[in-house]
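# A look at the structure
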Amino acid sequence: MRKHIGWVAGTAAAALVAAGAITYAVAQDGDGAGGLKVPSADGADAGFARDMAVHHQQAVEMSYIVRDRTKNVEVRRLAYDIAQTQANQRGMLLGWLDLWNLPKVSAKPPMSWMGMGDMPERGDGSLMPGMATDSELRKLGTLNGRQAEIFYLQLMTDHHKGGIHMAEGCVARCTVAVEKNLAQGMVDAQQSELATMKQMLKERGAKPRD
């Protein structure tokens, strides 16, 4: 278990160090003539950046909630690593939208860039697959100790599954190379974290919700 947590911590640190280089690389991902390649406002590159920034923000919120609800070192470390990694990635995604001079919000439904704009929403603040509802976030904030740990791990498992699906959509559809690479990195890291969280749930006599 500690080996898994140590790997996650190392991944978070590496992501922070690489942030500036990755953001700078987008500016160099040009059209071959020294110009900046600006994606369409309605395309996959901008759509993924907008939607994943929202998706990531909730993961950060959940992670900081659970850090105040438990004293378990491994859960607190995992939550901190997820919060730092996803806050950093969110900053890059929003930075790219600024770089491209594209809006950070869209009138179209979430996931439209993946052809999923007509999917039914869970409602109650859950805008995209895997996102927790506002009621679930409030519940997390009322739990303590093992109960908080289990509910957080279950919520974050769902969240990662939704995030992986979206990131895979960018890998398949995005055109900016470094954004595709970031999306693939999200898939790889979150799949590893899913395995870690499954084991942590098992150690607590619980399992993912689905």
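In case you missed it, the structure is sitting above this.
Structure report, in brief. (Residues numbered from 1 in each chain as written. Predicted model: local features only at pLDDT ≥ 70, side-chain atom pairs only at ≥ 80, totals over all residues. Heavy atoms only, no water.)

All right, on to the overall build of the protein chain then. When you go through the protein chain residue by residue, the secondary structure sums to six helices and zero strands. Classification of the 210 residues of the protein chain by burial places 47% in the buried group. Residue pairs in contact within the protein chain that sit at least 24 positions apart in sequence constitute 74% of those at least 6 positions apart. Split by element, the accessible area of the protein chain, about 9,800 Å² in all, is 54% carbon and sulfur. (Helix = DSSP H or I, 4+ residues; strand = E, 2+ residues; numbered from the N terminus. Buried < 20%, exposed > 50% of the residue type's maximum accessible area, 1.4 Å probe, protein only. Contact = heavy atoms within 4.5 Å. Areas by Shrake-Rupley, 256 points an atom, 1.4 Å probe, with all protein chains shown as cover.)

If you walk through the whole model with that rule in mind, you get two aromatic pairs. Each ring, one from phenylalanine 48 and one from tryptophan 113, has its centre 5.8 Å from the other, and the planes form 80 degrees; the classification is edge-to-face. Here the residue phenylalanine 48 occupies a position in helix H2 (residues 44-67), and tryptophan 113 occupies one in the loop between helix H3 (73-100) and helix H4 (134-140), the gap between them amounting to 65 residues. Consider the rings of tryptophan 96 and tryptophan 100, whose centres lie 6.4 Å apart with planes at 35 degrees: the pair is tilted. Here the residue tryptophan 96 and the residue tryptophan 100 both occupy positions in helix H3, the gap between them amounting to four residues, near one helical turn. Each of the two residues, tryptophan 96 as well as tryptophan 100, counts as buried. (Phe/Tyr/Trp six-rings, centres within 6.5 Å; stacked < 30°, edge-to-face > 60°.)

Here we come to the nonpolar core. In terms of nonpolar packing, the biggest core is built from 53 residues, with Phe48, Met62, Leu93, Tyr152 and Met166 touching the most fellow members. Mapped onto this core, the elements with two or more residues apiece are H2, H3, H4, helix H5 (145-173) and helix H6 (177-203). When residues in this core are grouped by element, the largest group, eleven residues, is from H5. Setting aside residues no more than four positions away along its own chain, leucine 93 makes contact with Phe48, Ala49, Met52, Ala53, Glu179, Leu182 and Met186. (Core = buried A, V, L, I, M, F, W, Y, C linked by side-chain atoms within 4.5 Å.)

Right, let's talk about the state of the cysteines for a bit. Inspection of every chain in the model, using the stated rule, returns one disulfide. Linked covalently through their sulfurs, cysteine 170 and cysteine 174 form a disulfide whose S-S length is 2.2 Å. Taking the sign of the S-S torsion, -120 degrees for the link of cysteine 170 and cysteine 174, the bridge is left-handed. (Disulfide = S-S within 2.5 Å.)

Okay, the packing of H2 against H3 next. Contact pair H2 / H3: the axes reach a minimum separation of 8 Å and the direction vectors enclose 155 degrees. Considering their axes alone, H2 and H3 lie roughly antiparallel with respect to each other. The way H2 lies across H3 gives a crossing that is left-handed. Among the residues making up the contact of H2 with H3, the classes are represented as 19 nonpolar, six polar and five charged. (Axes fitted to C-alpha atoms, helices over the stretch in contact; angles between N-to-C directions. Parallel < 35°, antiparallel > 145°, perpendicular 65-115°, else oblique. Left-handed = near helix turned anticlockwise from the far one by under 90°. Nonpolar A, V, L, I, M, F, W, Y, C, P; charged D, E, K, R; others polar.)

Before going further, it helps to examine the pattern of salt bridges. Evaluated as defined, the whole model comprises six salt bridges. Between aspartate 42 and lysine 108 there is a salt bridge, with the nearest N and O atoms lying 3.9 Å from each other. You can see aspartate 42 sitting in the loop between helix H1 (2-28) and H2 and its partner lysine 108 sitting in the loop between H3 and H4, a full 66 residues away along the chain. Judged by its relative accessible area of 48%, aspartate 42 is partly exposed. Where arginine 204 meets glutamate 149, a salt bridge forms, and the shortest distance between an N and an O atom there is 2.7 Å. (Salt bridge = Lys/Arg side-chain N within 4 Å of Asp/Glu carboxyl O.)

Interpretation in functional terms is not warranted from these geometric data alone.
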